[in-house]
Amino acid sequence: MTTKNHQKVILVGDGAVGSAFAYSMVNQGLAEEFGIIDVVKERTEGDALDLEDAQVFTAPKNIYSADYADCKDADVVVITAGAAQKPGETRLDLVNKNLKIFSMIIKPIVDSGFDGIFVIAANPVDILTYATWKFSGFPKEKVIGSGTSLDTSRLRVALAKKFNVDPRNVDAYIMGEHGDSEFAAFTAATIGSKPLTAIAKENGLSEDDLLEIEDQTRKKAYEIINRKGATYYGIATCLMRITKAILRDENAVLPVGATLNGEYGLNDIFIGTPAIINANGLAGVIEVPLSDREQDAMAKSAETLKKVTQDGLAALDN
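Residues numbered from 1 in each chain as written. Predicted model: local features only at pLDDT ≥ 70, side-chain atom pairs only at ≥ 80, totals over all residues. Heavy atoms only, no water.

Topic: the packing of aromatic side chains
- Under the counting rule described, the total for this entry stands at 8 aromatic pairs.
- Look at Phe 114 and Phe 138: their rings are 5.8 Å apart centre to centre, the planes differ by 20 degrees, and that puts the pair in the stacked class. One end of the pair, Phe 114, is in the loop between helix H3 (95-111) and strand E5 (117-120); the other, Phe 138, is in the loop between helix H4 (125-136) and strand E6 (143-145), with 24 residues separating them in the sequence.
- One aromatic cluster in this structure is built from Phe 114, Phe 118 and Phe 138.
- Geometry around Tyr 173 places Arg 156 over its ring, the cationic atom sitting 4.8 Å from the centre.
- One cation-aromatic arrangement involves Lys 228 over Tyr 232; the distance from NZ or CZ to the ring centre is 4.0 Å. (Phe/Tyr/Trp six-rings, centres within 6.5 Å; stacked < 30°, edge-to-face > 60°. Helix = DSSP H or I, 4+ residues; strand = E, 2+ residues; numbered from the N terminus. Lys NZ or Arg CZ within 6 Å of the ring centre and 35° of its normal.)

Some thoughts on the packing of H4 against helix H9 (residues 292-317)
- Between H4 and H9, the least distance of the axes is 10 Å, while the angle of their chain directions is 50 degrees. Looking at the two axes, H4 sits oblique to H9. Of the two possible hands of crossing, H4 and H9 adopt the one that is right-handed. Between H4 and H9, the contacting residues are Asp 126, Ile 127, Tyr 130, Ala 131 and Phe 135 on the first element and Leu 305, Val 308, Thr 309, Leu 313 and Leu 316 on the second. (Axes fitted to C-alpha atoms, helices over the stretch in contact; angles between N-to-C directions. Parallel < 35°, antiparallel > 145°, perpendicular 65-115°, else oblique. Left-handed = near helix turned anticlockwise from the far one by under 90°. Contact = heavy atoms within 4.5 Å.)

Some words on the side chain of Thr 273
- Secondary-structure assignment places Thr 273 in strand E13 (residues 267-278).
- In this structure Thr 273 comes out as buried when scored by relative accessible area, which is 0%.
- Among the polar contacts made by the side chain of Thr 273, one reaches the main-chain carbonyl oxygen of Ile 286 at a distance of 3.4 Å.
- In this structure Thr 273 touches Thr 148, Met 175, Leu 254, Pro 255, Val 256, Ala 258, Leu 260, Tyr 264, Val 285 and Ile 286, once residues within four positions along its chain are discounted. (Buried < 20%, exposed > 50% of the residue type's maximum accessible area, 1.4 Å probe, protein only. Polar contact = N/O pair within 3.5 Å; in protein donor to acceptor, adjacent residues only side chain to side chain.)

Topic: the sheet that holds strand E10 (residues 190-191)
- In space, the 3 strands of this open sheet follow the order E7-E10-E11, with antiparallel pairing throughout. Because the sheet does not close on itself, it has two edges, and the strands there are strand E7 (170-171) and strand E11 (194-195). (Pairing = 2+ DSSP bridges.)

A closer look at the nonpolar core
- The biggest cluster of nonpolar side chains holds 86 residues, and the ones touching the most others in it are Phe 21, Val 77, Ile 79 and Phe 118.
- Counting residues per element, this core draws most heavily on helix H8 (residues 233-247), which supplies 9 residues.
- Contact partners of Phe 21, with chain neighbours within four places excluded, come to Val 9, Leu 11, Phe 34, Val 78, Ala 236, Leu 239, Met 240 and Thr 243.
- Listed in part, the 17 residues of the second largest apolar core include Phe 186, Ala 189, Leu 196 and Ile 213. (Core = buried A, V, L, I, M, F, W, Y, C linked by side-chain atoms within 4.5 Å.)

A closer look at unusual backbone geometry
- At the junction of Asn 123 and Pro 124, the peptide bond is cis and its omega measures out at -5 degrees in the coordinates.
- Along the chain, Pro 124 turns up in the loop between E5 and H4.
- For Ser 193, which is not glycine, the phi torsion reads 75 degrees and is therefore positive.
- Position of Ser 193 relative to the elements: it lies in the loop between E10 and E11.

Some details on the pairing of strand E4 (residues 76-79)
- Burial of the side chains of E4 extends over both faces: Val 76 and Val 78 are buried on one face and Val 77 and Ile 79 on the other.
- Where strand E1 (residues 8-12) meets E4, 4 bridges bridge the pair, whose relative direction is parallel. Looking across to E4, one finds that Val 9 is bridged to Val 76.
- Pairing analysis gives 4 bridges linking E4 to E5, with the strands arranged parallel. For Val 76, the partnering residue across the bridge sits in E5 and is Ile 117.

Okay, structure coming up:
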């Protein structure tokens with residue numbers, strides 16, 4: 001018997017990111033029911049058996065190897081499935097491979113009767129989030145990408161190290177594409193309500209120094225991939241945070257891949273920006289005041305995404 005406060009999450013894609021997300025959800029005691037779907041059924045069975053052993057010291061949870069039919073009554077479906085980024089590959093290089101995979105994943109989820117919220121993390125995430133919206137026919141606010149949540153986390157960690165503060169007290173966002181055209185919205189960034197630009201100045205940091213931090217943030221994924229083959233703990237924690245905001249109806253402000261409706265002069269796109277996340281999905285976008293340089297970067301980032309999305313979807317139709 002399922003009770004009203006029973007929450008259910010289905011994970012599609014049990015690779016490094018997916019299993020790290022599952023582990024993060026178990027550690028946080030989130031969702032009483034957690035199903036795992038993957039083409040390699042045996043792996044999901046193994047993961048379910050391994051993860052259930054953690055519940056004694058966290059919280060009781062029904063964890064199992066699932067099928068698409070199990071999505072029917074899920075609150076959230078998190079998709080991390082898809083070809084992974086290889087060393088030397090950009091996220092955009094993955095687009096055709098992963099659009100094909102997504103076209104086969106979304107249909108059976110929707111056919112199950114699923115009526116919850118999609119959270120997408122496979123790359124290129126902004127394009128695959130847009131594709132999920134298109135393939136599913138869902139309202140835009142029920143499709144959320146992990147967007148620049150990980151990049152924002154990386155930026156805050158770098159700034160926290162630089163200024164010797166807790167990264168949770170750094171209020172700064174990476175925006176735009178989750179990829180090479182992303183940028184840091186430094187003009188609106190603060191630490192303890194004080195403008196970041198003022199703190200940088202006091203600490204002898206020039207604008208070029210800040211742009212260097214932005215660049216290192218942008219390249220950090222490549223640094224990690226070159227050393228250990230993949231990045232997963234960071235993104236898994238971001239996915240847990242977004243899922244938590246949905247399950248707990250938090251109205252949390254998080255940097256996600258959100259659909260835009262005229263904000264930043266953009267439409268018909270999913271792109272990284274702070275947004276309000278609650279039980280209904282995307283409750284609203286917070287439009288950050290941008291400098292001319294940043295506004296220009298946002299427009300260019302959107303242009304890149306739109307072109308690759310159009311080309312990718314056109315190739316899929318042929």
